[in-house]
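Here are the chains, one letter per residue:
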Amino acid sequence: MEGLSNSSVTELCKHAKEKLQELQAAGETTHDLIVNLFKALAKAKDKVFRTRVQSWRDEWTSGKKTITQDCAAFLVEAENYYKDRVDLGEWLKLDDDQETIVLLKAQLLKKAPGKENNPNRANRGKGKGKGKEGAKKDDWAWKKV
């Protein structure tokens, strides 16, 4: 999913179907397609979709959901869920927590350019004495010879 634009589930399903056809044409089969599809779908950028994929995986693991070896119905189900979210404008939509984080980051960036807004910079150079470097200059006076 990382190489796909906007985590396009349609592109992933198309790719998986093509590879399955190539395997069938060569007289080969695969036994790890389901696991690999779960891994790929779990990398989608949409948080709600990832939650749904985890739900499907939990159901499959517990035996409540049956997925055939060629995953045809599962691919259709995943693609339809993706298309519904896209059509409703919910794909890659931020949830409340994510919106709050984005707003807070924007506020921080807005304040960052001015040095007067940075609390760490305000107290620089305003200390008593010169610190350790200043103390080393006078150390010679107290040494016993």
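Relevant structure appears above.
Here the structure is a predicted model, which is why all the values come from computation and not from measurement.

Enquirer: What should I look at first to understand the overall build of the protein in this one?
Expert: Regarding its fold elements, the protein presents seven helices and zero strands. In the protein, the order of α-helices and β-strands from amino to carboxyl end is α-α-α-α-α-α-α. For the protein, the proportion of its 145 residues judged to be buried stands at 23%. Long-range pairs, those at least 24 residues apart, make up 65% of the contacts in the protein with a sequence separation of at least 6. Taken as a whole, the protein presents about 11,500 Å² of accessible surface, with 52% of it coming from carbon and sulfur.

Enquirer: Would you mind going over the packing of helix H2 (residues 33-41) against helix H4 (residues 72-87) with me for this structure?
Expert: Packed helices, taken two at a time, are described by the angle their axes make and the gap between the axes. The geometry of H2 relative to H4 is characterised by a closest axis approach of 11 Å and an angle of 10° between their N-to-C directions. Taken together, the axes of H2 and H4 lie roughly parallel to each other. Residue-level inspection shows Leu37, Phe38 and Leu41 of H2 in contact with H4, the latter providing Phe74, Leu75 and Ala78. Here the contact of H2 with H4 is composed, by residue class, of six nonpolar, no polar and no charged.

Enquirer: Honestly, the pattern of salt bridges in this entry has me stumped. Any pointers?
Expert: Scanning the entire structure with this criterion turns up seven salt bridges. Residue lysine 47 pairs with aspartate 95 through a salt bridge whose shortest N-O separation is 3.0 Å. Highlighted residues: lysine 47 in helix H3 (residues 47-62) and aspartate 95 in the loop between H4 and helix H5 (96-111), separated in sequence by 48 residues. Residue aspartate 95 is classed as partly exposed on the basis of its relative accessible area of 25%. Residues arginine 85 and glutamate 90 are paired through a salt bridge, measuring 3.2 Å at the closest nitrogen-oxygen approach. Of the residues examined, arginine 85 reaches a relative accessible area of 7% and is grouped as buried. A residue is classified by how much of its surface remains accessible, and glutamate 90, at 32% relative accessible area, is partly exposed. Here the salt bridges share partners, and the residues they tie into one network are Lys17, Glu79 and Lys83.

Enquirer: Hey, could you run me through the nonpolar core in this one?
Expert: A general trend in soluble globular proteins is that nonpolar side chains are found buried together. Formed by 22 residues in total, the largest nonpolar core has its most connected members in Val9, Leu37, Phe38, Leu41, Phe49, Cys71 and Phe74. For this core, the element with the highest residue contribution is H2, accounting for six residues. Beyond its immediate sequence surroundings of up to four residues, leucine 37 is in contact with Ala16, Cys71, Phe74 and Leu75.

The rules behind these values
Residues numbered from 1 in each chain as written. Predicted model: local features only at pLDDT ≥ 70, side-chain atom pairs only at ≥ 80, totals over all residues. Heavy atoms only, no water. Helix = DSSP H or I, 4+ residues; strand = E, 2+ residues; numbered from the N terminus. Buried < 20%, exposed > 50% of the residue type's maximum accessible area, 1.4 Å probe, protein only. Contact = heavy atoms within 4.5 Å. Areas by Shrake-Rupley, 256 points an atom, 1.4 Å probe, with all protein chains shown as cover. Axes fitted to C-alpha atoms, helices over the stretch in contact; angles between N-to-C directions. Parallel < 35°, antiparallel > 145°, perpendicular 65-115°, else oblique. Nonpolar A, V, L, I, M, F, W, Y, C, P; charged D, E, K, R; others polar. Salt bridge = Lys/Arg side-chain N within 4 Å of Asp/Glu carboxyl O. Core = buried A, V, L, I, M, F, W, Y, C linked by side-chain atoms within 4.5 Å.

Limitation: the analysis is restricted to geometry and does not speak to function.
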